[in-house]
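Structural description and commentary
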Amino acid sequence: EARTIIMLWARAAKAANTSAASVIVQGQLVKQTQSAYPRATLVLSRSFWGSARDGRHEPFTPIPHKSPVMMSKPVDCFEHLASGSNVFIHGGGATPAPLVEGLAKGAVKYNVTDIKLHHIHLEGPAHFLNEECRDRFRSNSLFIGGNCRTAVNAGEADATPVFLQEIAQLFRRKVIPIDVAIVHLSPPDKHGYCTMGVSVDCTRAALQQAGMIIALINPEMPRIHGDGRKCLKAAHIS
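What you see is a predicted model; the values in this text were computed from it and never measured. All residue numbers refer to positions counted from 1 along the written sequence of the respective chain. Local features in this predicted model are restricted to residues of pLDDT 70 or higher, and side-chain atom pairs are both shown and tallied only at a pLDDT of 80 or more, whereas totals for entire chains, interfaces and linings draw on every residue. Side-chain calculation: all heavy atoms of the structure are included, whereas hydrogens and water are not.

On to the pairing of strand β5 (residues 86-89). The buried label applies to any residue whose accessible area, calculated with a 1.4 Å probe on protein chains only, is under 20% of its type's maximum; exposed applies above 50%, and partly exposed to all values in between. Put simply, DSSP marks the helices as runs of H or I at least four residues long and the strands as runs of E at least two long, and each gets a number from the N terminus on. Taking every second residue as pointing to the same face, both faces of β5 are buried, with N86 and F88 on one and V87 and I89 on the other. Looking at chain direction, β5 and strand β6 (residues 115-119) are connected through three bridges and run parallel. Following the sheet pairing, F88 is matched in β6 by H118. Criterion used throughout: strands pair if DSSP finds at least two bridges between them. Two elements, β5 and strand β9 (residues 180-185), share three bridges in a ladder whose sense is parallel. Paired with V87 across the bridge in β9 is V180.

Structure follows, in structure tokens:
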């Protein structure tokens, strides 16, 4: 099945700096822009085929003849986000803060509604709980964080009581279907593999299920080994 990937390159820790970013289509420079996110690039349009065994589709096999489309603004990552989608957000220390903000702004800009968000605890502002986004998102905390607790207590957001080790099965068995995964990864190594950095948890299962992957690539994110090492092949995005 053909799938689409969107990948945003940024240095999250220094997102206030300004640098140029390029828009590249099929290997040709189309537009040069100024970005508030250093090295910010958006990559979309890729396909991958993986094993369907146990509901897993591993996006780390090489894909020949794929060229990225790069953009520079987080808000534009969500131009193709469909209303009614189930969206996973990487949590804990890997919360992709610029993309969380871009998600909220993108929903307003592109008039996206009925988005169901699934996540463990997130760090930083939960922009999707702001007044202008309240009718566009419904947050489902699989592990409640401080930025969502008030909304959950007020009935404005949901929480699902579940053990951390069981969350992956909710995704793989499609009890919670995942259409889009928003993640925070380390840069590709010389072999083209990104890693999930400091927060693997249930994220690999979300990547296996997602039809669209939006990734913040952060040079400050540590590379890891184990199950999170070969989570995404750069060939899928480049």
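Anyway, onward from the coordinates.
Inspection of the secondary structure puts D179 in the loop between α3 (164-172) and β9. It is 9.4 Å that separates the C-alpha atoms of D179 and A82, two residues lying 97 residues apart in sequence. In contact with D179, not counting residues within four places along its chain, are G84, S85, N86, A210, G211 and M212. Any two residues whose heavy atoms approach within 4.5 Å are treated as being in contact.

Aromatic pairing here means that ring centres of Phe, Tyr or Trp (its six-membered ring) are within 6.5 Å. Orientation follows from the plane angle: under 30 degrees is stacked, over 60 is edge-to-face, and everything else is tilted. For the structure on display, the rule yields two aromatic pairs. Ring geometry for F88 versus F171: centroids 5.6 Å apart, planes at 75°, classification edge-to-face. With F88 in strand β5 and F171 in helix α3, this residue pair connects regions lying 83 residues apart in the sequence. For the residue pair F88 and F171, the accessibility class agrees, reading buried in each case.

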